[in-house]
Amino acid sequence: LWIENFKGIGKRQHIPIRPVTLLFGANSAGKSTVLHAMLYLRELLCRKNVDARESLAGADTINLGGFDALLHDGTDCISLGCGFSVAEERLDELLPSANSNFLQRVIRPDIYKRIESLREDVGNRHHHVTVNLCVNRCGQGRPTVSRVEVNVDQERLALFDMNDDQSPNVLR
């Protein structure tokens, strides 16, 4: 898990998450902030909820407070990311089909080839996937995901930089 400019965390921090991860420390050390970052990342990835006040996972017991409450003092962009391993046979579930309408509109042909080569790569192994997101205010003043980067096995699969109107700007 990577966290930057989120609540009390300013500089980018890497928090290793394992099947059993213990968070302990003094009051106000950031334990709840790490949990809130995980919940907010889930809201972004699963529900596309950039101004999350309540988390689906936290039901009505955890109030995230919305984008403004999550920003680190004096900053205007939250950066979050996660990395995980996925078995070869499950990678296909994570990669969108190169025939999808979204991909046809925004991804260059050379990136199509990368997606298809990952789909065709046979063998019984695991892939390491990382997803990094940046959320900030667009020109209209509302929070928006302004950058998404996806890497598979340390190779960039896609990078989306968004314009204020939410149209993709730079794709590499």
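Small disclaimer: the values here were computed from a predicted structure and weren't measured.

Rules used in this analysis
Residues numbered from 1 in each chain as written. Predicted model: local features only at pLDDT ≥ 70, side-chain atom pairs only at ≥ 80, totals over all residues. Heavy atoms only, no water. Disulfide = S-S within 2.5 Å. Helix = DSSP H or I, 4+ residues; strand = E, 2+ residues; numbered from the N terminus. Buried < 20%, exposed > 50% of the residue type's maximum accessible area, 1.4 Å probe, protein only. pLDDT = per-residue confidence, 0-100. Contact = heavy atoms within 4.5 Å. Phe/Tyr/Trp six-rings, centres within 6.5 Å; stacked < 30°, edge-to-face > 60°. Polar contact = N/O pair within 3.5 Å; in protein donor to acceptor, adjacent residues only side chain to side chain.

Draft legend 1. Region of the structure containing the state of the cysteines. Summed over all chains, the structure comprises one disulfide. Residue Cys77 pairs covalently with Cys134 via a disulfide, S to S 2.0 Å. On the criterion of sequence distance, the pair formed by Cys77 in strand S3 (residues 77–87) and Cys134 in strand S4 (residues 126–137) is long-range, its members being 57 residues apart. Accessibility classification places Cys77 together with Cys134 in one group, the buried group. Between Cys82, a cysteine without a disulfide, and Cys46, which holds the nearest cysteine sulfur, the sulfur-to-sulfur distance is 9.6 Å. Taking relative accessible area as the criterion, Cys82 reaches 16% and is therefore assigned buried.

Draft legend 2. Region of interest: the confidence of the model for the chain. Confidence in the prediction for the chain averages 79 pLDDT; 72% of positions are at 70 or higher. Below pLDDT 50 for its whole length, residues 102–106 participates in twelve contacts with residues either more than four positions away or in separate chains.

Draft legend 3. Local environment of the packing of aromatic side chains. The full count for this structure, using the stated rule, is one aromatic pair. A ring pair is formed by Phe6 and Tyr40, whose centres lie 6.0 Å apart and whose planes are at 35°; its orientation type is tilted. Taken together, the residues Phe6 in the loop between strand S1 (2–4) and strand S2 (13–14) and Tyr40 in helix H1 (residues 31–47) connect sequence positions 34 residues apart. For Tyr40, a relative accessible area of 0% corresponds to the buried category.

Draft legend 4. The side chain of Ser146, seen in detail. Position of Ser146 relative to the elements: it lies in strand S5 (residues 143–152). Residue classification places Ser146 among the buried positions, given a relative accessible area of 14%. Of note is the side chain of Ser146, whose polar atom sits 3.3 Å from the side chain of Asn136. Sequence-distant contacts of Ser146, that is, excluding residues within four places in its chain, are made with Cys134, Val135, Asn136, Phe160, Asp161 and Met162.

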